[in-house]
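# A closer look at the structure
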Amino acid sequence: MNEIDADAAPRARVGVRDVARAAGVSAQTVSRVINDHASIRPETRARVLQAMDDLGYRVNNAARALGTRTTRTLGVIASDATLYGPSVGIAALETAARAADRWMATAYADAADAASVVDAADRLLSQGVDGLIVLAPHATTLPALAAAHVGLPLAALHTGVGADRQAAGAALAIDHLVALGHRRIARVSGPADWLEARSRDEGVDRALAAAGLEPGPRWSGDWSAPSSAALASVVAGAIRDAGGPTAIVVANDQMALGLIAGLAAQGVEVPRDVSVAGFDDNPDAAFYAPPLTTVRLDLAGEARRAVAEVLGEARAAAPEPPQLVERASTAALAR
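Figured I'd write up the structure that's included with this text. (Residues numbered from 1 in each chain as written. Predicted model: local features only at pLDDT ≥ 70, side-chain atom pairs only at ≥ 80, totals over all residues. Heavy atoms only, no water.)

## Observations regarding the sheet that holds strand β5 (residues 185-189)
Here is the rule: When DSSP finds two or more bridges between two strands, those strands count as paired. Strands are runs of DSSP state E lasting at least 2 residues, helices are runs of H or I lasting at least 4, and numbering of each runs from the N terminus. Inter-axis angles, ranging from 0 to 180 degrees, are taken between N-to-C directions of lines fitted to C-alpha atoms, where helices are fitted over the stretch in contact.
Taken in spatial order, the four strands line up as β6-β5-β7-β8 in an open sheet, and their pairing is parallel. For this open sheet the edge positions go to β6 (218-220) and β8 (275-277), each flanked by a neighbour on one side alone. Each adjacent strand pair in this sheet contributes to an overall mean axis angle of 20°, direction not counted. Of the strand pairs in this sheet, β5 and strand β7 (residues 247-250) are connected by four bridges, and their pairing is parallel. The residue of β7 that forms the bridge with Arg 187 is Val 249.

## Focus on the environment of Val 14
Applied cut-off: In this analysis, two residues are considered to be in contact whenever any of their non-hydrogen atoms come within 4.5 Å of each other.
Among the secondary structure elements, Val 14 is positioned in the segment before α1 (16-23). The spacing of Val 14 and Leu 55 is 41 residues in sequence and 7.0 Å in space, taken between C-alpha atoms. If sequence neighbours within four positions are ignored, Val 14 has contacts with Val 19, Leu 55 and Tyr 57.

## Some details on the layout of surface pockets
For clarity, the cut-off: Cavity and pocket criteria rest on a 1 Å grid covering protein atoms alone: a 1.4 Å probe that fits but cannot get out defines a cavity, protein on both sides within 12 Å along at least 5 of 7 lines defines an open pocket, and an atom within 4 Å of a point defines a lining residue. Grid points are joined across faces, edges and corners, and a volume is the space filled by probe spheres set on the points. Gly counts as polar in this scheme, as do all residues outside two lists: the nonpolar Ala, Val, Leu, Ile, Met, Phe, Trp, Tyr, Cys and Pro, and the charged Asp, Glu, Lys and Arg.
The volume enclosed by the largest pocket comes to roughly 330 Å³. Lining the largest pocket are 22 residues, with Tyr 84, Gly 85, Val 88, Asp 280 and Leu 299 sitting closest to its centre. Those elements that provide at least two residues to the lining of the largest pocket are α5 (84-99), α9 (195-210) and α13 (299-310). With six residues, the top contributor of residues to the lining of the largest pocket is α5. For the lining of the largest pocket, the class distribution of residues is 12 nonpolar, five polar and five charged.

Listed below in structure tokens is the structure:
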């Protein structure tokens, strides 16, 4: 590995005129290539792009914005990035934005506080973003932005058709448990004011109704493992009751992890005493004890859909349907 020479003179910034000279074109032609002008011939575009690469030219996004009235930057309003879903969502949006030749700026907000959400939007608007994407929205987030009249294209992950896929994924977990012979199915929901939690609950309710089953006991957590671990003694008591649940569907994998660990401390073994299914298929789910049966969403596809929506592209490729990933935390009913 080469060491950095701290005494080396800084390299002079390469400008549009330098690229134009190397490519044998005018500065105006280089500008048109940078701004994706349709009138540029493919061979000219290729020559200019090669010159940019050879010289190490980097597009000055702020300067380009002066001429095009666009920064080619999308703003993302996010919250709770310490949780698996939001953190992976941010990474997926970054990848989708880059694939669309856009940059991404992120502002964090307290999703339950409308003023915090509007402040995050204002910070992004001050950077001249071309559109906003809301990640893991709280029930108050979108109404707060609508009331603020941000005046930019707005999209959200996990709403609209995305919400339908959330519900369909939760239904897959119920269908799996029913196929294993379970008829008394409880759940641990996410926070009631999160749209993802609502969609997943709707999917559970629909699948139970379709199977002719009554909803079992229901508890709620805050998406974190500690929140569900704290429920373990109450859940263990319900499992031990006559007619108690034989299976539990949990709204995300982190809460499933906390619940399984908490139940083990109560002497309740998964799946011997109760089957547990999660949601998200986070990278560690296969290494839980036992490995977790869960639902996988095409988060990369959801991110591409949101980016296409905010860019006004009508024909975005649809994300893949949710997929059940069966592992050892669920088993056929033994009693």
